[in-house]
Amino acid sequence: MCLKPDTHKEALQAAVPPAQKIPEAITPTHSHERNTSYDIWLFLGVALFQKWTPVWPIYAIYAMRFLSTHVLLSLHWMFVDKDNYTHKLTKKQLLRERGDYLTAYYLHMYVQIALQLVFPSMFFNDSSIIPRCMMEAFAMHVLFVEPVYYMVHRWLHVPSQMKSMHGFHHLSIQTLPTTSMVQNFHEHIVYVATFGPAFFVPFLVMGRQHWVAIGAYLVFFDIVNQFGHMNIIIRNKLWTSKYSPIKYLLYTPEFHLGHHAYFNANYALFMPIWDYLGGTAREYRKKDPAMLPKSQQDFCFIGHNGGLSHLLTIPELCIYKIYDDYKVYLPLRLEILLVHAVCLVTRLFRNFYYCSRFCVANERIARIIVLLRTPYDYITPSRYAGINEEIVKGMREQHQNYGTRYFGLGNLNKMKQLNDGGIDIVNMVKNDPYLCDKKIRVWTGDTMTVASVYHQIADIPNLTEFYYIGAGGKVGTAVCELLVKNYPHLKIKIFSRTPQLKHPNISYSTDLSEMKDFKVVLVGKILSGKMYAKALLPHREVKTRFILDYTVPALPIDCLNKRPENIQHIRVGLLQCTSGNFLRGHYDFCMSHDENHIVPCHFGCLINTVEGRETDEVGDIDQSQVQRMWKLTLARGFENIKIDYSYD
C-alpha cells in the first residue's frame with residue numbers, strides 16, 4: 001500500500017466519525033530523531049559505578065524489562081498485526097520509535113544508581129520483605145500514582161506542553177506496545193517524578209524496600225502500559241457493563257486508543273475511574289478491519305534466507321528492524337555457518353517461515369513463505385534434491401490449507417544448477433500424486449526482472465557504454481540482447497571467462513579491474529569484497545561513479561569507502577510504489593530494501609496472479625513479453641527507483 005506520511009491530522013480524521021470535531025494536532029518543536037550510536041556506552045557506563053554500589057541489580061532489572069517488552073512486542077506482532085494488511089506500520093514511525101523506546105530504561109538505570117548511592121537500604125534488605133514491599137508498591141500506585149498521573153497527563157495536554165513534550169508521543173498513529181515508552185526526554189523526567197513514589201514513599205514511611213520489588217513493579221507497569229497500546233478489541237461485559245467494577249478499575253486498549261483519537265478524553269493511566277470522576281471519559285469503538293477471509297490465499301511466493309542480516313530483520317525478533325539494509329556483522333563465512341546452525345535447529349520443528357499476508361488489487365491475497373534453507377545449502381549440490389522436494393512439499397501444503405494454485409520462486413530457489421530455472425519443479429508438480437491435477441502454476445517472475453533492469457539502464461541519460469558483471473545468466477542475456485537491439489550505439493563490456501553473446505557492441509573481459517574505466521557498472525552476480533578491493537584500490541584514479549546492483553542480497557562493498565571518488569553503490573532491480581493501492585499490507589519487509597519497494601520477480605508473479613495467467617513461467621525468458629509486463633507495472637502505480645546520475 002502506498003502510504004502518505006503519517007501526519008496527525010489525516011490519520012485522526014480517518015479514525016473518528018465525521019460528526020466529531022477533532023482538535024488541531026500540535027506539531028512538537030523538538031527533534032524527532034535521537035542519535036542511538038552511544039546507547040551501548042550508556043548501557044556499559046553503569047558498570048563504572050561498581051566500586052561504590054552493586055550494579056548487578058540494575059542490569060537485572062534492565063534485562064527483565066527488556067525481555068518482557070520484546071516478548072510482548074513479538075506476541076503482539078504474531079497474533080494481532082501480522083496478517084492485518086489494513087494496519088501497515090510506516091518506516092517513518094518505526095525509525096522514530098526505534099530511537100526512543102528504550103530511552104526510559106537507560107534513564108532509570110542512572111536514576112537507580114543515584115538512589116542506591118544515597119539510599120542503599122532502599123534496595124538491599126532481607127528477601128523476606130519482598131512480598132510486603134510489592135503489596136505496598138501496588139497500594140501506593142492505586143492510591144497515589146493513578147490520580148497524580150491523571151492530573152499530570154491533563155497538564156501535558158496544555159498546548160504549550162503538548163508542543164514541547166507530549167506531542168512527540170502522539171505522533172505515532174498505528175500504535176505498537178512499545179509506543180507506550182516513546183516519549184520526549186523531558187517527559188521521561190516528569191514520569192520519573194510521577195511514578196517513583198510508588199516505591200519511594202513506602203520506603204520513607206515503612207522504612208523498607210527491595211530492588212526485586214522495584215523491578216517487579218517496573219516490569220508489571222511496562223506490561224500493563226504496553227497492553228493499552230495494543231490493537232486488540234475487548235468487548236466482554238466485564239469491561240463494557242456500567243455495573244461492572246472492572247470497567248472503572250482496569251482500562252482496555254480501546255479505551256486508551258480513544259485518547260489517541262480524541263486527544264481531550266480518556267487521560268487515565270490504567271484506571272478509567274479517574275476519567276469518570278473528572279468528566280473526561282469518552283466511549284471509543286475501534287472498527288474491525290474489513291479484510292478478505294483468513295482462508296483465502298491466491299498466491300504464494302517461496303523465498304529463501306539470504307544470511308544473518310535477513311534473519312535479524314524478521315519482525316518476531318524486532319519490529320523496528322524490518323526495513324534495515326543488508327549488513328555484514330561478522331566474516332561472511334562465519335555468518336553463513338551461524339545462520340545455517342540456527343536453521344538446522346528450526347527445521348526440527350518446521351520447514352518454512354511465514355511472512356505477513358497482504359492484499360493484491362483489493363481482491364487477492366498473497367503471502368511470502370521462506371524455505372528454511374541457507375546460502376550454505378545452495379552452494380552444496382548434494383542438498384539440491386532435498387531443496388526441490390521441500391519446495392514441492394510446501395506447494396502441496398499451501399494448496400491443502402488454502403487452495404493456493406499460483407506459486408513464485410525466489411532467487412536461489414530457481415537457480416539453473418538447482419532446478420534448471422524452475423523447469424524441474426514444474427515436472428515434479430506434474431508427477432506429484434496430489435498436485436498433478438490441481439492446475440498448479442509455477443512462475444519465476446524473471447520477465448519482470450529483465451524489464452526492470454533493462455529500463456534502469458535504458459533510462460540513464462547519454463549512456464554510451466557500461467561494464468556488466470554477471471551477464472551470463474538468462475536475465476543478463478535478455479537484458480543485453482534487448483539493449484543492443486534497441487540502442488545500436490550502446491557498448492557493453494561483460495566480465496566473464498566464457499563468452500556467450502556474439503554482437504559487435506558486446507565485448508568480454510576477464511580482468512575485473514577494467515571496471516574502473518566505466519562510469520556505470522551493472523552487477524548481477526555476487527562477488528567477494530576482496531575481488532572489488534583488488535580491482536579498485538590499487539589505481540590512482542577510477543572513472544566509476546555508479547555501481548548498480550540487482551543481486552539478492554546486495555552485499556555492501558566496503559572498499560568503496562576507501563576511494564577518494566564518490567562511488568555510489570545503489571541497489572536496483574527494485575520497483576517502488578508511486579500511486580494507487582494495488583498492494584496493501586507488509587509486502588515489503590525483511591528484504592533489505594526500503595518501504596513500499598518490491599523486487600521485480602515477486603511483482604511479476606503478482607501481475608500474473610491478477611491477470612489470471614494459466615501457463616508456467618520457467619526456463620528461458622520470452623523477450624516479447626518484456627514490454628507488455630512493463631506497461632502493466634506502470635499501470636499499477638509502480639516504477640523503477642529514481643537515480644540522480646549527476647556527479648562532481
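These figures come from a predicted structure and were not determined experimentally. (Residues numbered from 1 in each chain as written. Predicted model: local features only at pLDDT ≥ 70, side-chain atom pairs only at ≥ 80, totals over all residues. Heavy atoms only, no water.)

S.K.: What is the right way to look at the environment of glycine 637 in this model?
M.R.: Position of glycine 637 among the secondary structure elements: in the loop between helix 25 (626-635) and strand 15 (638-640). For glycine 637, a relative accessible area of 6% translates into the label buried. Separated by 421 residues in sequence, glycine 637 and alanine 216 have C-alpha atoms that sit 51 Å apart. Excluding its chain neighbours within four sequence positions, the residues that come into contact with glycine 637 are Gln576, Cys577, Thr578 and Ser579. (Helix = DSSP H or I, 4+ residues; strand = E, 2+ residues; numbered from the N terminus. Buried < 20%, exposed > 50% of the residue type's maximum accessible area, 1.4 Å probe, protein only. Contact = heavy atoms within 4.5 Å.)

S.K.: Can you walk me through the nonpolar core in this structure?
M.R.: A general tendency of soluble globular proteins is for nonpolar side chains to be buried together. Membership of the largest hydrophobic core comes to 94 residues, with the highest contact counts inside it found for Phe466, Tyr468, Leu548 and Leu583. The next biggest cluster of nonpolar side chains, apart from the first, holds 28 residues, and it includes Phe195, Ile214, Tyr217 and Tyr251. (Core = buried A, V, L, I, M, F, W, Y, C linked by side-chain atoms within 4.5 Å.)

S.K.: What should I look at first to understand the packing of aromatic side chains in this one?
M.R.: Each aromatic ring pair is described using two quantities: the centre-to-centre distance and the angle formed by the ring planes. Counted by the stated rule, this structure contains 36 aromatic pairs. Aromatic pair tyrosine 150 and tyrosine 267: ring centres 6.3 Å apart, planes at 85°, arrangement edge-to-face. In this pair, tyrosine 150 sits in helix 6 (residues 130-156) while tyrosine 267 sits in the loop between helix 13 (253-262) and helix 14 (273-278), placing the two residues 117 residues apart along the sequence. Neither residue differs from the other here; tyrosine 150 and tyrosine 267 are each classed as buried. Judged by centre distance (5.7 Å) and plane angle (90°), the rings of tyrosine 262 and tyrosine 284 are edge-to-face. Taken together, the residues span a long stretch of sequence, with tyrosine 262 in helix 13 and tyrosine 284 in the loop between helix 14 and strand 1 (299-304) at a distance of 22 residues. (Phe/Tyr/Trp six-rings, centres within 6.5 Å; stacked < 30°, edge-to-face > 60°.)

S.K.: What's the story with the environment of cysteine 577 in this structure? I'm lost.
M.R.: Along the chain, cysteine 577 turns up in strand 12 (residues 575-577). For cysteine 577, a relative accessible area of 15% puts it in the buried group. It is 47 Å that separates the C-alpha atoms of cysteine 577 and valine 145, two residues lying 432 residues apart in sequence.

S.K.: In this structure, what is going on with the pattern of salt bridges? I would like to understand it.
M.R.: A pair can form between side chains of opposite charge whenever their charged atoms are brought close. Under the criterion given, the structure shown has 24 salt bridges. In this structure, lysine 414 and aspartate 446 form a salt bridge, with 3.0 Å as the shortest nitrogen-oxygen distance. One end of the pair, lysine 414, is in the loop between strand 4 (406-409) and helix 19 (416-419); the other, aspartate 446, is in helix 21 (residues 446-458), with 32 residues separating them in the sequence. We note a salt bridge from arginine 441 to glutamate 614, for which the minimum N-O separation is 3.3 Å. You can see arginine 441 sitting in strand 5 (residues 441-443) and its partner glutamate 614 sitting in the loop between helix 24 (600-611) and helix 25, a full 173 residues away along the chain. (Salt bridge = Lys/Arg side-chain N within 4 Å of Asp/Glu carboxyl O.)

S.K.: Where do I start with the sheet that holds strand 11 (residues 568-571) in this structure?
M.R.: Adjacent strands of a sheet form backbone hydrogen bonds with each other and so pair up, either parallel or antiparallel. With parallel pairing, six strands are arranged side by side in an open sheet as 8-7-6-9-10-11. Strands at the two margins of the open sheet, each flanked by one partner only, are strand 8 (506-509) and strand 11. Strand-to-strand twist of the sheet, defined as the mean angle between neighbouring strand axes without regard to direction, takes the value 25°. Inspection of the sheet shows strand 6 (residues 465-469) paired to strand 7 (residues 491-495) by five bridges, in the parallel sense. The residue bridging isoleucine 469 from the neighbouring strand is phenylalanine 495, located in strand 7. (Pairing = 2+ DSSP bridges. Axes fitted to C-alpha atoms, helices over the stretch in contact; angles between N-to-C directions.)

S.K.: What exactly am I supposed to notice about unusual backbone geometry here?
M.R.: A negative phi angle characterises most non-glycine residues, just as the trans form characterises most peptide bonds. For the bond running from valine 552 to proline 553, omega is -5°, close enough to zero to count as cis. In this structure, proline 553 sits in the loop between strand 10 (546-549) and strand 11. With a phi angle near 55°, asparagine 266 is a residue other than glycine that sits in the positive phi range. Checked against the element boundaries, asparagine 266 lands in the loop between helix 13 and helix 14. For asparagine 266, a relative accessible area of 0% gives the class buried. Unlike most non-glycine residues, asparagine 462 shows phi in positive territory, near 55°. Tracing the chain through its elements places asparagine 462 in the loop between helix 21 and strand 6. What makes asparagine 462 exposed here is its relative accessible area of 78%.

S.K.: Help me understand the sheet that holds strand 15, please; the structure alone is not making it clear to me.
M.R.: Reading across the sheet, the three strands line up as 14-12-15 and stay open at both edges, with antiparallel pairing between neighbours. Looking at the sheet topology across the chains shown, the edges are occupied by strand 14 (597-598) and strand 15.

S.K.: Got a minute to help me understand empty space enclosed by the protein in this structure?
M.R.: It is a probe the size of a water molecule, rolled over the atoms, that shows where empty space is left. Overall, the coordinates contain two cavities of 30 Å³ or more when judged by the stated rule. In this structure, the largest cavity spans a volume of roughly 40 Å³. For the largest cavity, the full set of lining residues is Ala471, Gly472, Thr477, Ile494, Ser496, Thr498, Gln500, Leu501 and Tyr508. A per-class count over the lining of the largest cavity returns four nonpolar, five polar and no charged. (1 Å grid on protein atoms, 1.4 Å probe; cavity = no way out; pocket = protein on both sides within 12 Å on 5 of 7 lines; lining within 4 Å. Points joined across faces, edges and corners; volume = space filled by probe spheres on them. Nonpolar A, V, L, I, M, F, W, Y, C, P; charged D, E, K, R; others polar.)

S.K.: Would you take a moment to explain the pairing of strand 4 for this structure?
M.R.: A regular strand places its side chains on the two faces of the sheet in alternate fashion. Here strand 4 shows no split at all, with Tyr406 and Gly408 on one side and Phe407 and Leu409 on the other all buried. In this structure, strand 1 lies alongside strand 4, joined through four bridges in parallel fashion. Looking at strand 4, one finds that phenylalanine 301 is bridged to glycine 408. Pairing between strand 4 and strand 5: three bridges, direction parallel. By the bridge assignment, tyrosine 406 is partnered in strand 5 with arginine 441.

S.K.: What should I look at first to understand the side chain of histidine 166 in this one?
M.R.: Secondary-structure assignment places histidine 166 in the loop between helix 7 (159-164) and helix 8 (185-195). We classify histidine 166 as buried; its relative accessible area is 2%. At 3.2 Å, the side chain of histidine 166 and the side chain of histidine 153 are in polar contact. Polar side-chain contacts of histidine 166 include one of 3.4 Å to the side chain of histidine 157. For histidine 166, the residues in contact, after removing those within four places along its chain, are His153, Leu156, His157, Gln161, Gln183, Glu187, Tyr191 and His259. (Polar contact = N/O pair within 3.5 Å; in protein donor to acceptor, adjacent residues only side chain to side chain.)

S.K.: For this particular structure, what's the right way to read helix 22 (residues 474-486)?
M.R.: One turn of the α-helix equals 3.6 residues, which is why residues spaced by three or four share an orientation. Taking 1.5 Å as the rise per residue, helix 22 with 13 residues should run 18 Å; its terminal C-alpha atoms sit 18 Å apart, in good agreement. Burial in helix 22 covers these residues: Val475, Gly476, Thr477, Ala478, Val479, Cys480, Leu482, Leu483 and Val484. As for helix 22, its buried residues are in contact with helix 21, strand 6, strand 7, strand 8 and helix 25. (Expected span 1.5 Å × (residues − 1).)

S.K.: I would appreciate a short explanation of helix 5 (residues 103-118) in the present structure.
M.R.: Counted at 1.5 Å a residue, the expected span for helix 5 with its 16 residues is 22 Å, and the 23 Å between its end C-alpha atoms agrees. Residues Thr103, Ala104, Tyr105, Tyr106, Leu107, Met109, Gln112, Ile113 and Gln116 constitute the buried set of helix 5. Where helix 5 is buried, its residues contact helix 2 (39-45), helix 3 (56-81), helix 8 and helix 10 (211-227).

S.K.: What's the story with the confidence of the model for the chain in this structure? I'm lost.
M.R.: Caution applies to low-pLDDT regions: their predicted coordinates should not be interpreted in detail. Residue-level pLDDT values for the chain average 91, and 95% of them are 70 or greater. Every residue in residues 1-31 scores below 50 in pLDDT, and together they form 66 contacts with partners more than four places removed in sequence or on other chains. (pLDDT = per-residue confidence, 0-100.)

S.K.: What's the story with the state of the cysteines in this structure? I'm lost.
M.R.: Covalently bonding the sulfur atom of one cysteine to the sulfur atom of another cysteine gives a disulfide. For the coordinates displayed, the defined rule picks out zero disulfides. Here cysteine 605 stays free of any disulfide, with the sulfur of cysteine 601 as its closest cysteine sulfur at 6.5 Å. (Disulfide = S-S within 2.5 Å.)

S.K.: Looking at this model, I keep getting lost on a nonpolar patch on the surface. Mind explaining?
M.R.: Together, Leu312, Leu317, Tyr329, Leu330, Leu334, Leu338 and Val342 make up an exposed nonpolar region whose accessible area comes to about 560 Å². Per element, the largest residue contribution to the nonpolar patch is three residues, and it comes from helix 16 (residues 332-346). Given a relative accessible area of 34%, valine 342 falls into the partly exposed group. (Patch = residues over 30% accessible without salt bridge, like charges linked within 9 Å, V, L, I, M, F, W, Y side chains within 5 Å. Areas by Shrake-Rupley, 256 points an atom, 1.4 Å probe, with all protein chains shown as cover.)

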